[in-house]
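Survey of secondary and tertiary structure
Each chain is listed here by its residues.
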Amino acid sequence: MKKDPLVTDTADQLYINGHIWTADASHPFVEALAVKGDRILAVGSHTDLNQFKNASTKVIDLKGKLMMPGFNDGHVHFLSGSLGLTVVDLVEAKTMQEAIQMIADYAKKHPELPWITGGGWQYSLFPGGLPTKQMLDSIIPDRPVYLKAYDGHSGWANSKALSIAGITKETTFKGFGELVKDKNGEPTGAFKESATGLVTRFVPGPNKAAKFNALLTGLKYAATLGITSIQNASGSREEYDLYDSLLRTDQLTVRTSIAFSAGRGLNEKDIIGWKSIRSKNKNPKWLKTTAVKFLLDGVIESHTAVMIDPYSDLLQLDSIYRGQYAIPIDQYEKWVNRLDQEGFQIYTHAIGDASVRSVLNAYEKAMTANGQQNKRHRIEHIEMTTTVDIERFNKLGVLPSMQPIHADPGTIDVWSKAVGEQRLPLSFPWASFLQNKTKLVFGSDWPACISLNPIRGIHNAVNRMTTDGKPVGGWIPTQKISLQDALYAYTAGAAYGSFDEQEKGQLKKGYLADFIVLSQDLFKIKPEDIYKTQVELTVVGGKKVYSTGLYE
Ligand SMILES: [Zn+2]
């Protein structure tokens, strides 16, 4: 094609010969993409884009591989995940014996550590769903050990840690959660929800330098997984400052947004502080803080999520038990109204169907009082809800922020028993939301999950099967979604969830040059093989942040 005389722009890089999925419905697939600076100059056919080439343009042959927008993790706790990369990690443990061996190995490798910490254990590893102190005492009697469950909602301590924390038969806990005791009244070493604080306040925390270095490790890891944006579902001024130092020293390689954590103790001073940080968001395409996050209930596995009807596996013991709220509803509604007034986007963790309903009620009241327009308040997780409430999401413009990796059928056993047969059809109801024309925001919830890897989440969303193909046909197959819908929720949908859809999540002229190249073409392989896909190239703002060396 002859050079268009009006085209004065030249590309810094020209990617050719690709199968490029743009997430742009008007032309979902193209073969070439041109980059100038940190933006996309054009997408189209090789011939169309040749006009942007001159002697200094670097031409990269994609060899027919799949290129797509970089992943945007819509719900992550990136600092704690990154810190987790440096402590005991039990995520890969498949049996109790394996978990115990991993802890013993780690302790042996780190004789210098006064405390053994970390986590990632699954409830299903242990008889009855919870671990005990004796399991740890047999391998580490002389140093304190404290390990979080994979979802962060429960803890596991050895006898040494209990003794440092002064926890005995006489200790009682009143509040959200439980200090688990055996039939003789002895603490078992297991803790639920806020009761974990009985031990965690004695565990020495990492200092600022350790956090900064952990984030650098985390950013490198994210790049290998093709993650180019993250939305932190928890945060503080301290965390903001850490990311800000990364940005100022040119070391931030993942675009970051932060939701400040709000709890029972929330007060007007917090809101003033958050507003002042928000007003400092000078470079929002890299770092911004526009949201506040609440936690309204717990999780289904430990019966702390709030349900409309009682827990199925507790019916014989306590027929009316439905879970517990983390904040009294009237207080929660009051703060939702205040923050909505102040223009904050609100995230609320709600897992049980009753809790999801309470959040919708609170958002609806606030928006009725303060005005409806474009608030994009979100509900995080929504593992169970009802048909009536699914319809309200679309009506109110509330976004479901969900983590398909949580519905790993390999770990869902304890969960399914608690929910019971009758409620199962609306478990993790991604397809129902899409049928109601509601945009999905996908993320990982890392480290409260088995992996940060978006590919694993997409595998679950499409198959609802484990990586070894179980159960055949998928777990509750009516809630499976298409590959394109799953990818969309992890790119353009997630960008919408942070008000960034005008410059992120699609490969389109003028958008940020954040994209990845994958080892196999997701659109051409069997869906059961999605999990085998690896990232081969990650580019953020036109700069390569990870590469296997195939596209130099
Ligand atoms: Zn979370």
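Heads up: these notes are all about the structure in this document. (Residues numbered from 1 in each chain as written. Predicted model: local features only at pLDDT ≥ 70, side-chain atom pairs only at ≥ 80, totals over all residues. Heavy atoms only, no water.)

Further remarks concern the environment of D241. Looking at where D241 falls in the secondary structure, it is placed in helix α8 (residues 237–248). Expressed as a C-alpha distance, the spacing of D241 and A32, which sit 209 residues apart in the sequence, is 39 Å. (Helix = DSSP H or I, 4+ residues; strand = E, 2+ residues; numbered from the N terminus.)

Before going further, it helps to examine the packing of aromatic side chains. Here the structure, examined in full by the defined rule, presents 21 aromatic pairs. Between F294 and Y332, the aromatic rings sit 5.3 Å apart at their centres with planes inclined by 90°, giving edge-to-face as the arrangement. Of this pair, F294 sits in strand β17 (residues 287–295) while Y332 sits in helix α10 (residues 329–341), placing them 38 residues apart in sequence. Judged by relative accessible area, Y332 falls into the buried class, the value being 0%. In this structure an aromatic cluster arises from ring pairing among F71, W415, F428, W430, F442, W475 and Y490. Sitting above the plane of the F344 ring, R278 keeps its charged end 4.1 Å from the centroid. It is K439 that lies over the ring of Y496; its NZ or CZ is 4.5 Å from the centre. (Phe/Tyr/Trp six-rings, centres within 6.5 Å; stacked < 30°, edge-to-face > 60°. Buried < 20%, exposed > 50% of the residue type's maximum accessible area, 1.4 Å probe, protein only. Lys NZ or Arg CZ within 6 Å of the ring centre and 35° of its normal.)

A few words on the sheet that holds strand β13 (residues 177–181). Where strands meet in a sheet, backbone hydrogen bonds hold them as pairs that are either parallel or antiparallel. Strands sit in the order β9-β10-β11-β12-β14-β13 across an open sheet of six strands; the sheet is mixed. The open sheet has two edge strands, β9 (88–89) and β13, and neither has a second partner. Bridge count between β13 and strand β14 (residues 187–193): four bridges; the pairing is antiparallel. Paired with K181 across the bridge in β14 is P187. (Pairing = 2+ DSSP bridges.)

Within the protein, H75 (NE2), H77 (NE2) and D445 (OD) serve as the donor atoms for the zinc ion, at 2.1 Å. Counting gaps between the donor residues of the zinc ion yields the pattern H-x1-H-x367-D. Taken together, the residues H75 in strand β8 (residues 71–76) and D445 in the loop between β21 (441–442) and α15 (454–463) connect sequence positions 370 residues apart. By the burial criterion, H75 is buried, and D445 matches it. (Donors = N, O, S within 2.8 Å, 3.2 Å for Na, K, Ca; no water.)

Let us now look at α10. For the α-helix, the turn length of 3.6 residues means that residues three or four positions removed from each other point alike. An ideal rise of 1.5 Å per residue puts 18 Å on 13 residues; α10 measures up with 18 Å between its terminal C-alpha atoms. Of the residues making up α10, those classed as buried are Y332, E333, W335, V336, R338, L339 and D340. Considering only its buried residues, α10 is in contact with α9 (268–278), β17, β18 (345–350) and α11 (353–370). Just downstream of α10 lies G343, where phi reads positive at about 80°. (Expected span 1.5 Å × (residues − 1). Contact = heavy atoms within 4.5 Å.)

The next thing to look at is α9. Taken together, the buried positions of α9 are I271, W274 and I277. All buried residues of α9 project into a common sector of 125° when viewed along the axis, lining one side. More than 90 degrees from the buried face of α9, the exposed residues found are K269 and I272. At its buried positions, α9 is contacted by α8, β16 (255–261), β17 and α10. Of the residues that open α9, the one with a side-chain oxygen 3.0 Å from the backbone nitrogen of K269 is N267. (Arc of directions from axis to C-beta. Polar contact = N/O pair within 3.5 Å; in protein donor to acceptor, adjacent residues only side chain to side chain.)

This brings us to the packing of α11 against helix α12 (residues 387–396). As a packed pair, α11 and α12 sit with axes 11 Å apart at the nearest point and diverge in direction by 25°. In terms of axis orientation, α11 runs roughly parallel to α12. Between α11 and α12 lies a crossing whose hand is left-handed. Taken together, the residues of α12 that come into contact with α11 (itself represented by D353, V356, R357, L360, N361, E364 and M367) are D389, R392, F393 and L396. (Axes fitted to C-alpha atoms, helices over the stretch in contact; angles between N-to-C directions. Parallel < 35°, antiparallel > 145°, perpendicular 65-115°, else oblique. Left-handed = near helix turned anticlockwise from the far one by under 90°.)

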